[in-house]
Amino acid sequence: MMGADESIRFEFSFHGINIELSGESKFVDTLYRELMRDIEAARQTLDKEEEQAEVKASAASIEHTPVWVHRCSEMMRKVYMSNVSEMKRSPVGKTLDYQAVRTFYTDDKAFRAFFPKLADNRTMWAELTDEGQRTIRKLPHGGRSKQPPAS
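Thresholds applied
Residues numbered from 1 in each chain as written. Predicted model: local features only at pLDDT ≥ 70, side-chain atom pairs only at ≥ 80, totals over all residues. Heavy atoms only, no water. 1 Å grid on protein atoms, 1.4 Å probe; cavity = no way out; pocket = protein on both sides within 12 Å on 5 of 7 lines; lining within 4 Å. Points joined across faces, edges and corners; volume = space filled by probe spheres on them. Nonpolar A, V, L, I, M, F, W, Y, C, P; charged D, E, K, R; others polar. Pairing = 2+ DSSP bridges. Helix = DSSP H or I, 4+ residues; strand = E, 2+ residues; numbered from the N terminus. Axes fitted to C-alpha atoms, helices over the stretch in contact; angles between N-to-C directions. Contact = heavy atoms within 4.5 Å. pLDDT = per-residue confidence, 0-100. Buried < 20%, exposed > 50% of the residue type's maximum accessible area, 1.4 Å probe, protein only.

## Focus: the layout of surface pockets
Part 1: Taken as a whole, the largest pocket spans an internal volume of roughly 170 Å³.
Part 2: Together, Ser82, Glu86, Met87, Arg89, Ser90, Pro91, Phe114, Phe115, Pro116, Lys117 and Leu118 line the largest pocket.
Part 3: Partitioned by chemical class, the residues of the lining of the largest pocket number six nonpolar, two polar and three charged.

Right under this line is the structure:
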């Protein structure tokens, strides 16, 4: 016959699983230790799965992270927007760390060689340089559209 001091009851909840152990102290203690060992193994598995999911989510978000390419010439400055995934397919893509480099400044020649697909209607912003403005002013229309004569 068991005395009141020899009986023990233990309740535990883990990720929606409720466990109750009750009975003789040694029996409950043995099951408790086995349960804690199994739970620790399950936690490590869950931690690894969560870590892998975070790495995958992070990698996916990096693929769509914007990369800015500034095309600089004597006449004009243009800014193009790309993304890490697209840049990795460019001629310089395999050599750069896009975690560290997300903005490029390039002249026309290098732009045509390294970023040829960006020029296809991808200009986000453009500005004439001082030289570009002077050149436009020298054109016959002086850089302005022809206005019909006032009546």
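Don't stop here, the text continues.
## A word on the sheet that holds strand E3 (residues 66–72)
Part 1: Spatially, the four strands line up as an open sheet ordered E5-E3-E4-E6, and their pairing is mixed. Looking at which strands have only one partner, the edges of the open sheet turn out to be strand E5 (103–107) and strand E6 (123–128). For this sheet the average axis-to-axis angle between neighbouring strands, irrespective of direction, equals 20 degrees.
Part 2: Where E3 meets E5, five bridges bridge the pair, whose relative direction is parallel. From the neighbouring strand, His70 faces E5, where its bridge partner is Tyr105.

## Regarding the side chain of Ser82
Part 1: Looking at where Ser82 falls in the secondary structure, it is placed in strand E4 (residues 76–83).
Part 2: When residues no more than four places from it in sequence are discounted, the contact partners of Ser82 are Thr65, Pro66, Val67, Met87, Leu118 and Arg122.

## With respect to the confidence of the model for the chain
Part 1: Taken over all residues, the pLDDT of the chain has a mean of 78, while the share at 70 or more is 84%.
Part 2: Helix H1 (residues 25–63) is the least confidently modelled element of the chain, averaging 78 in pLDDT, while helix H4 (residues 130–138) averages 89, the highest of any element.

## Thoughts on the environment of Met87
Part 1: Inspection of the secondary structure assignment puts Met87 in helix H2 (residues 84–88).
Part 2: When its relative accessible area of 2% is taken as the criterion, Met87 is described as buried.
Part 3: Among residues more than four places away in sequence, those in contact with Met87 are Val67, Val69, Ser82, Gly93, Tyr98, Phe104 and Phe115.

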